[in-house]
Amino acid sequence: MTAPAAFRQQLLAALPRLRRYARSLVFDTHASDDLVQAALERALSHWHQFDQRRDILVWVIAIAHNAYMDDRRRHARLPSVEPHEAQLDQQVAPGVDIGLRMDLIAALKALPVEQREPLLLVTLEQLSYAECAELLRIPVGTVMSRISRGRASLRALLEGKSPPSTRSLRRVV
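Throughout this description, residue numbers start from 1 for each chain and increase along the sequence as written. pLDDT decides what is reported in this predicted model: residues at 70 or higher carry local features, side-chain atom pairs at 80 or more are listed and counted, and totals for whole chains, interfaces and linings draw on all residues regardless. Side-chain numbers here rest on the full set of heavy atoms in the structure, without hydrogens or water.

J.: Report on the overall build of the protein, specifying residues and quantitative values.
T.: Per the convention used, a helix needs a DSSP run of H or I reaching at least four residues, while a strand needs a run of E reaching at least two, with both numbered from the N terminus. Within the protein one finds seven helices and zero strands. Mapped from its N terminus to its C terminus, the protein presents α and β elements in the order α-α-α-α-α-α-α. For the protein, the exposed area adds up to about 11100 Å²; of that, 55% sits on carbon and sulfur atoms. Areas reported as accessible are Shrake-Rupley estimates using a 1.4 Å probe. Residue values count occlusion only from the protein chains shown.

As structure tokens, then:
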């Protein structure tokens, strides 16, 4: 059974923001395209599970997030190799000084994924804290604190300072 035309149109409308989120998450054009494709394949194969009352963007980004996390877990035991410098795409921010973009990309790459994901979802994708919490399956308060720490770390990195230490933080389960 194939997805209805209305569902496919909604999915196509969400594609640019899904691609932007994937690129900001993995910092590699080819890997982000693979992530988008995996998310689209999962969305199309599970279209019947989509609740029409929800925003399809939040749903498909959640699928992409889960695919990304699955991939991270799968490769967690493999040795880590530093990726090549992020390829700068002129579509990202035309008119912005390339030095500033490189600094911002490097600073975003330096953030822990736990801080980067909610920061990008709320600031770049303009999701609400509640939508972000639902997508990441964490409490709203955790989203708020991760965004706060992410912003502070990003600010420090862009100023050439070391980010605030998170060693004193403990995980509450």
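J.: Mind laying out helix α7 (residues 140-158), listing which residues take part and the relevant values?
T.: Compared with an ideal rise of 1.5 Å per residue, which puts 19 residues at 27 Å, α7 spans 27 Å between its outermost C-alpha atoms and is within 8% of the ideal. Remark: exposure states derive from per-residue accessible area (1.4 Å probe, protein chains only) relative to the maximum for the residue type, with buried under 20%, exposed over 50%, and partly exposed in between. Taken as a whole, α7 has its buried residues at V143, R146, I147, G150, S153, L154 and A156. The positive-phi residue at the C-terminal boundary of α7 is G160, with phi of around 85°. Any helix carries an expected span of 1.5 Å times its number of residues minus one.

J.: Report on the environment of P118, specifying residues and quantitative values.
T.: Tracing the chain through its elements places P118 in helix α5 (residues 113-123). Sequence-wise, P118 and I147 are 29 residues apart; in three dimensions their C-alpha atoms are separated by 6.1 Å. The contact criterion used is simple: two residues touch if any of their non-hydrogen atoms lie within 4.5 Å. Setting aside residues no more than four positions away along its own chain, P118 makes contact with V113, C132, L136, V143, R146 and I147.

J.: Kindly report on the nonpolar core, identifying the contributing residues and their values.
T.: Note on terminology: a nonpolar core comprises buried Ala, Val, Leu, Ile, Met, Phe, Trp, Tyr and Cys residues joined through side-chain atoms within 4.5 Å. Core analysis: the biggest nonpolar cluster contains 45 residues, and F7, L121 and L135 have the highest contact counts within it. Ranked by residue count, the leading element in this core is helix α3 (residues 56-74), at twelve residues. Leave out the neighbours within four places in its chain, and L121 touches Y21, I61, Q126, L127, C132, L135 and L136.

J.: Hey, could you go over unusual backbone geometry for me, with residue numbers and the actual values?
T.: Of note in the backbone geometry, F27 takes a positive phi value of approximately 60° without being a glycine. Considering the arrangement of structural elements, one finds F27 in the loop between α1 (5-26) and α2 (29-45). Residue classification places F27 among the buried residues on the basis of a relative accessible area of 15%. With a phi close to 55°, Q126 is a non-glycine residue in the positive phi region. Its location among the elements puts Q126 in the loop between α5 and α6 (129-136).

J.: So what's going on with the environment of L35? Which residues, and what values?
T.: When you line up the elements, L35 lands in helix α2. Residue L35 is classed as buried on the basis of its relative accessible area of 8%. Considering only alpha carbons, one finds L35 and I63, 28 residues apart in sequence, at a separation of 9.7 Å. Setting aside residues no more than four positions away along its own chain, L35 makes contact with A22, L25, V26, A64, A67 and Y68.

J.: Can you explain the pattern of salt bridges? Please cite residues and give values.
T.: When a carboxyl oxygen of Asp or Glu lies within 4 Å of a side-chain nitrogen of Lys or Arg, that pair is called a salt bridge. Overall, the coordinates contain eight salt bridges when judged by the stated rule. Three or more residues joined by partner-sharing salt bridges are found here, namely R17, R20 and E125.

J.: Any details on the packing of α5 against α6? Residues and values, ideally.
T.: Where helices are involved, their axes are fitted lines through C-alpha atoms of the stretch in contact, as for all axes, and angles between N-to-C directions lie from 0 to 180°. Orientation of α5 relative to α6, taken along the N-to-C sense of each, is 140°, at an axis distance of 10 Å. The orientation of α5 with respect to α6, classified from their angle, is oblique. Crossing of α5 against α6: the hand is right-handed. Between α5 and α6, the residues in contact are E117, P118, L121 and V122 and Y129, C132, L135 and L136, respectively. Each residue is assigned to one of three groups, with Ala, Val, Leu, Ile, Met, Phe, Trp, Tyr, Cys and Pro labelled nonpolar, Asp, Glu, Lys and Arg labelled charged, and all others, Gly among them, labelled polar. Taken together, the residues of the contact of α5 with α6 sort by class into seven nonpolar, no polar and one charged. For this classification, under 35 degrees means roughly parallel, over 145 means roughly antiparallel, 65 to 115 means roughly perpendicular, and everything else is oblique. By definition, turning the near helix anticlockwise from the far helix through less than a right angle yields a left-handed crossing, and turning it clockwise yields a right-handed one.

J.: Break down α6 for me, citing the residues and quoting the values.
T.: Since the α-helix turns once every 3.6 residues, residues separated by three or four places project in the same direction. Here α6 has its buried residues at C132, A133, L135 and L136. Looking straight down α6, one finds its buried side chains confined to an arc of 165°; they lie on one side. The inward-facing, buried residues of α6 contact α3, α5 and α7. Of the residues flanking the end of α6, it is R137, one or two places downstream, whose phi is positive at about 60°. Read the arc as the range of directions from the helix axis to the C-beta atoms.

By themselves, these are just geometric observations and shouldn't be taken as functional.
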